[in-house]
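# Chains, contacts and geometry: an overview
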Amino acid sequence: MYPLLDTIHSPLELRALPPESLTALAEELREFLLETVSKTGGHLSSNLGTVELTIALHYAFDTPEDRLVWDVGHQTYVHKILTGRREGMARLRMKDGISGFPRRCESEFDTFGVGHSSTSISAALGMAVAAKQQGSNRRTVAIIGDGAMSGGQAFEALNNAGVSDTNLLVILNDNDMSISAPVGALNRYLARMFTGDSFNAVRHAGQKLLKNVPPLYRFASRFEEHVKGMFVPGTLFEELGFNYLGPLDGHDLESLVPTLQNLRKLDGPQFLHIITKKGQGYKLAEDDPVLYHGVSKFDASNGIEGGKSSGKKTYTQIFGDWLCDMAAADERLIGITPAMGEGSGLMRFAEQYPQRYFDVGIAEQHALTFAAGLACDGMKPVVAIYSTFLQRAYDQLIHDIALQNLPVMLAIDRGGLVGADGATHNGAFDLSYLTCIPNMVVMAASDENECRAMLTTAYQHNGPAAVRYPRGSGSGAAVVQALTALPLGRGELRREGKNVAILAFGAMVSPALKAAEEFNATVANMRFVKPLDRELVMDLARRHSLLVTVEENALIGGAGSEVARCLEENGCAVPLLRIGLPDRFIDHGDPALLLADSGLDAAGIARQIKDRLAKAE
Ligand SMILES: Cc1ncc(C[n+]2csc(CCOP(=O)(O)OP(=O)(O)O)c2C)c(N)n1
Ligand SMILES: CC(=O)[C@@H](O)[C@H](O)COP(=O)(O)O
Ligand SMILES: [Mg+2]
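It should be emphasised that the depicted structure is a prediction, and the values quoted were computed from it without experimental measurement. (Residues numbered from 1 in each chain as written. Chains lettered and ligands numbered in written order. Predicted model: local features only at pLDDT ≥ 70, side-chain atom pairs only at ≥ 80, totals over all residues. Heavy atoms only, no water.)

## Focus on the side chain of Arg468
Filter applied, for reference: Only DSSP runs of H or I with at least four residues qualify as helices, and only runs of E with at least two residues qualify as strands; both kinds are numbered from the N terminus onward. For the exposure calls, accessible area comes from a 1.4 Å probe over protein chains only, and a residue counts as buried if that area is under 20% of its type's maximum, exposed if over 50%, partly exposed in between. Polar contact is defined as a pair of N or O atoms within 3.5 Å, subject to the rule that within protein one atom must be able to donate a hydrogen and the other to accept it, and that residues adjacent in sequence are counted only when both atoms are side-chain atoms. Note on contacts: a residue pair is in contact if any heavy atoms of the two residues lie within 4.5 Å.
Within the fold, Arg468 resides in strand β11 (residues 465-468). Relative accessible area serves as the criterion here: at 6%, Arg468 is assigned to the buried category. A polar side-chain atom of Arg468 sits 3.1 Å from the main-chain carbonyl oxygen of Glu552. Setting aside its immediate chain neighbours within four residues, Arg468 contacts Ile412, Gly415, Gly416, Gly427, Asp430, Leu431, Met443, Ala444, Ala445, Glu552 and Asn553.

Following this line, the structure appears as structure tokens:
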């Protein structure tokens, strides 16, 4: 089925192919991608869009000596296939299988680990400077999407790279899409750059120049730059010190390969702007790149079928419904997402309240300070953000929000292990990094109704407040419609038992209740990590001989540490067992298996309690 692909196990074999066969190879790669990703799930549209670019890069550059640095890395499946990991695609993003992102430990061709966006130019510049310091002539290429280019770090890096005198090539893979439709002035600028007849004429002249005059000399591109300047409103990347080329059709191997071969010979910072289509070659994904951005298993011949649902609402939906209800009740509410409108459940709100919906692009830092500004002047900002991406905005949370005690609410989705995306995306640290910030209120939801009540509590609190909830659905309980707040800093007793008291946080309440049956243990749903229900902790400490805290968060500095602090400050010496995520990064895989591996399922919790009780005897 794959006559060309079957002959390629490394870029060396790819480079031995005649250029005329590359288009046929691209066809085979698309077929193969669709066949495998429809069986495993993964990021489909972006990979379909970068087939030709990946072939051309490995064909024109001397990889792995030349360094390819991918931004986000969700578009690197073809890169993996061409660099000896074709077999591995059958276990993509599964436990002990290959990662969905580049990882240095996986292959020498994966020069930099990614998952979060907008880091590629910084990392590539570091590598280019290293090459220069080492007297090496190897080349470094950063490949960044138009969505990722909206992230502030990308511009920090361009600012630095443009004056660096290094052999760095930045390729802007512009498919006019982020996960959602792209937003912002940069996107508008890029769109303007490749519209207009006069510019197209220049573009074609430029392409001819690139194809027919190898090697390309600097004066040629300077000439092109001059001509372009007459037609294109402000070539931003040139102003930043790059030699800008493009836009070029990123699916046209005939121009892409010689262009890259020529660019490889040029010294100094180069910038190539290519235009691609997200989902290219699979009509359904071309028509709906959002739906096919990240897919579960599906039937490739029929496409993703809607309508099949477990009947349970996801926490994301619980949040989305709450947001619309609260927006109806309070016109000061503003909903903010850093480029994750669909994933965070904001789309109904966006439709109903377009004037109050702000997708700020992949710009978590800006999202938080923007919210701080809104809060200063009487609005009620709700920032919907994944736990892992909030890490980006830590200083903004401390310096701009908490220090000024501003009423900004954080709805933190994907708290805990996320599964297939793995270590880069796990929400493993939020309870630790939030709890240590003065003024913060921090809650973890144990079921859907509690999540809704916590959201209301956070919204009504006159200071910074966060609610964290996991990826996926809860118990399937019917959700009440009321917008009722919880009493601040109060937990609840869920089970009265003897000797052992389990203090469970968020999603761990359910397995803790199961584990408790084995010992007739008491179980408290603590609800608040901060302010902690100290009265409840001390009451349980007085009445039990062992306290056990359970949380789906790093053990270090998390909710259990808060309980330990409370006991210590009260001079209480009751034995304490803290259960949480171990001090290591947890890879991709089925979340249930990963939780079990970390001892965070009912059996694991029971086992650890038993071990502790046995030691105490
Ligand atoms: C810091 C950070 N915020 C958000 C995301 C989620 N995310 C992953 S891919 C993506 C869109 C990237 O768009 P682009 O770079 O244009 O690549 P494309 O998907 O179009 O191929 C987003 C928002 C992320 N990975 N990292
Ligand atoms: C690559 C990336 O960062 C996103 O596409 C992410 O994989 C989305 O995760 P969810 O599937 O949890 O929304
Ligand atoms: Mg894009």
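## Overview of the coordination of the magnesium ion (ligand 3)
We count it as follows: Note that water is not among the atoms considered, so a metal site may appear incomplete; the donors listed are N, O and S atoms within 2.8 Å of the metal, with 3.2 Å applied to Na, K and Ca.
For the magnesium ion (ligand 3), the full set of protein donor atoms is Asp146 (OD), Asn175 (OD1) and Met177 (O), at a range of 2.0 to 2.1 Å. In primary sequence terms, the donor set of the magnesium ion (ligand 3) follows D-x28-N-x1-M. Given a relative accessible area of 14%, Asn175 falls into the buried group. Residue Met177 is classed as buried on the basis of its relative accessible area of 15%.

## A look at the sheet that holds strand β1 (residues 67-70)
For clarity, the cut-off: Whether two strands pair comes down to DSSP finding at least two bridges between them. Whenever a helix is involved, its axis is fitted only over the stretch in contact; in every case the axis is a line through C-alpha atoms, and angles between N-to-C directions fall within 0 to 180 degrees.
Strands sit in the order β1-β2-β3-β5-β4 across an open sheet of five strands; the sheet is parallel. At either margin of the open sheet sits one strand with a lone partner, and together these are β1 and β4 (243-249). In this sheet, neighbouring strand axes are inclined to one another by 20° on average, regardless of whether the strands run parallel or antiparallel. Where strand β2 (residues 140-145) lies against strand β3 (residues 168-174), six bridges are found, and the strand directions are parallel. Within β3, the residue paired with Ala142 across the bridge is Val170.

## Points about helix α23 (residues 559-569)
Cut-off, in case you're wondering: Throughout, the arc means that of the directions going from the helix axis to the C-beta atoms.
Of the residues making up α23, those classed as buried are Ala559, Gly560, Glu562, Val563, Cys566 and Leu567. For α23, the angular spread of the buried residues around the axis is 160°, confining them to a single face. Each element contacted by the buried residues of α23 is listed here: α19 (430-435), β13 (500-504), β15 (528-530), α22 (534-543), β16 (546-554) and β17 (576-581). Following α23 by one or two positions, Gly571 has its phi on the positive side, about 60°.

## Observations concerning the UniProt feature "binding site: Mg(2+)" (unreviewed entry) in the protein chain
Stated formally: UniProt positions are given in the numbering used here, feature names are shortened, and annotations may be inferred rather than shown by experiment.
As recorded in UniProt, the sites labelled "binding site: Mg(2+)" (unreviewed entry) are Asp146 and Asn175. The greatest C-alpha distance among the residues just named is 6.9 Å, despite their covering 30 residues of sequence, which places them together in space. By the secondary structure assignment, Asp146 is in the loop between β2 and α7 (152-161). Taking relative accessible area as the criterion, Asp146 reaches 6% and is therefore assigned buried. Assignment of secondary structure puts Asn175 in the loop between β3 and α8 (185-193). Residues within four places of Asn175 in sequence aside, it is in contact with Asp146, Thr276, Lys277 and Lys278.

## What to know about the pairing of β4
This is how the line gets drawn: For crossovers, right-handed means that the path from the first strand over the helix to the second runs clockwise, given strands pointing away from the viewer.
Burial analysis of β4 places six of its seven residues in the buried class, the great majority of the element. Sheet topology note: the β4/strand β5 (residues 270-275) ladder contains five bridges and is parallel. Bridge pairing in β5 links Asn243 to Gln270. On the question of chirality, the crossover connecting β4 to the parallel β5 by way of helix α12 (residues 253-265) is right-handed.

## Focus on the nonpolar core
Worth spelling out the cut-off: We define a nonpolar core as any set of buried Ala, Val, Leu, Ile, Met, Phe, Trp, Tyr and Cys residues linked to one another through side-chain atoms lying within 4.5 Å.
Ile55, Leu57 and Leu260 are the most contacted members of the largest nonpolar core, which totals 52 residues. If one sorts the elements of this core by residue count, helix α2 (residues 22-40) sits on top with eight residues. If sequence neighbours within four positions are ignored, Leu57 has contacts with Leu68, Trp70, Val141, Ile143, Ile171 and Leu260. Formed by 50 residues, the second largest nonpolar core is a distinct cluster that contains Ala371, Ala393, Ala466 and Leu532.

## With respect to the UniProt feature "domain: Transketolase-like pyrimidine-binding" (unreviewed entry) in the protein chain
Here the UniProt feature "domain: Transketolase-like pyrimidine-binding" (unreviewed entry) sits at residues 313-477. The span residues 313-477 shows a helical share of 40% and a strand share of 17%, and its end C-alpha atoms are spaced 9 Å apart.

## Concerning the site of ligand 2
Which entries qualify depends on this criterion: Working definition: residue near molecule or strand if any one of its non-hydrogen atoms lies within 4 Å of it. Here the open area of atoms and residues is found with the Shrake-Rupley method and a 1.4 Å probe, where only the protein chains shown may cover a residue.
Taken together, 13 residues surround ligand 2, and among them Tyr386, Arg414, Asp421, His425 and Arg471 come closest. Between Asp421 and ligand 2, the recorded distance is 2.5 Å, taken from a side-chain N or O atom to an oxygen atom. Between ligand 2 and the protein, one listed contact pairs an oxygen atom with a side-chain N or O atom of Arg471 at 2.8 Å. Protein chains bury 84% of the 360 Å² of accessible surface belonging to ligand 2 in isolation.

## Let's talk about the packing of helix α21 (residues 509-519) against helix α25 (residues 602-616)
Threshold: Relative orientations are named as follows: roughly parallel for angles under 35 degrees, roughly antiparallel for angles over 145 degrees, roughly perpendicular for angles from 65 to 115 degrees, and oblique for any other angle. Here is the rule for handedness: rotate from the far helix to the near one, and if that takes an anticlockwise turn smaller than a right angle the crossing is left-handed, while a clockwise turn gives right-handed. Note on residue classes: Ala, Val, Leu, Ile, Met, Phe, Trp, Tyr, Cys and Pro are nonpolar, Asp, Glu, Lys and Arg are charged, and everything else, Gly too, is polar.
Look at α21 against α25: their axes get within 8 Å of each other, and the N-to-C directions meet at 45°. The orientation of α21 relative to α25 falls into the category oblique. Crossing of α21 over α25 shows right-handed handedness. Every residue of α25 that contacts α21 at Pro511, Ala512, Lys514, Ala515, Glu518 and Phe519 is listed here: Ala602, Ile605, Ala606, Ile609, Lys610 and Leu613. By residue class, the composition of the contact of α21 with α25 is nine nonpolar, no polar and three charged.

## Details of helix α14 (residues 315-329)
Heads up, the condition is: Helices are assigned an expected span. That span is 1.5 Å times one less than the residue count.
Counted at 1.5 Å a residue, the expected span for α14 with its 15 residues is 21 Å, and the 21 Å between its end C-alpha atoms agrees. Those residues of α14 not exposed but buried are Tyr315, Thr316, Ile318, Phe319, Gly320, Trp322, Leu323, Cys324, Met326 and Ala327.

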